[in-house]
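Remarks on the overall topology
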Amino acid sequence: MTRKQKRLAIIGGGVGFLVLAAFLVMFAFSQAIAYFYVPSDLEKADVPPGTRIRLGGVVEAGSVKRSDGKTVTFTVTDTLSGVPVTYTGILPDLFREGQGVVTEGTFVAGSSVFVADSVLAKHDETYMPKDVADRLKAQGVELSGKETIK
């Protein structure tokens, strides 16, 4: 084997290693992705049961029901539609009706119930990311103008 062939073999092996590493990283990221939806987006999207997603919105007034133990059911709404959510665990201190919330979990097969395994309560609904505010405006939700941050 000549020097040129050895050099090409080393370069080829290095490139192959980098391609394999990139493929493995992309595969790992694709398994960990949880897409974010608001309730009105779920009507248009076809989310198969068992697919892990994030559901965000506001806890609908009068929808929080606590059962025996740590199980809580509530409805997440974006003022256009709502999704029933079941969560078993300890809720954040800021969780209450009318408060912003982001839940992560899956849909139950054969029903529209979302089973959350984590619930994050937002501190304040006064400010929200510009893209979320733009999406709500596009859906016809009126905002007071103070909500967006740049």
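Our structure's up above, just so we're on the same page.
Quick caveat, the model's predicted, so the values are computed rather than measured. (Residues numbered from 1 in each chain as written. Predicted model: local features only at pLDDT ≥ 70, side-chain atom pairs only at ≥ 80, totals over all residues. Heavy atoms only, no water.)

**Focus: the environment of glycine 110**
Put simply, the rule reads: Helical segments are the DSSP runs of H or I of at least four residues, strand segments are the runs of E of at least two, and each set is numbered from the N terminus.
Structurally, glycine 110 can be placed in the loop between β6 (100–107) and β7 (114–121). Distance in space between the C-alpha atoms of glycine 110 and proline 48 is 10.0 Å, their sequence separation being 62 residues.

**A closer look at the pattern of salt bridges**
Put simply, the rule is: Think of a salt bridge as a Lys or Arg side-chain nitrogen and an Asp or Glu carboxyl oxygen that are within 4 Å of each other. Each residue is placed in one exposure class: buried if its accessible area under a 1.4 Å probe, protein chains only, is under 20% of its type's maximum, exposed if it is over 50%, and partly exposed if it falls in between.
Scanning the entire structure with this criterion turns up three salt bridges. With a closest N to O distance of 3.1 Å, glutamate 104 and arginine 52 form a salt bridge. Residue glutamate 104 is found in strand β6, and its partner arginine 52 is found in the loop between α2 (39–44) and β2 (53–59); the two are separated by 52 residues along the sequence. Look at glutamate 104 and you get buried, because its relative accessible area is 16%. Between arginine 52 and aspartate 117 there is a salt bridge; the shortest N-O distance is 2.8 Å. One end of the pair, arginine 52, is in the loop between α2 and β2; the other, aspartate 117, is in strand β7, with 65 residues separating them in the sequence. A residue is classified by how much of its surface remains accessible, and arginine 52, at 33% relative accessible area, is partly exposed. Note on aspartate 117: relative accessible area 44%, which makes it partly exposed. One network of salt bridges, in which partners are shared, links Arg52, Arg54, Glu104 and Asp117.

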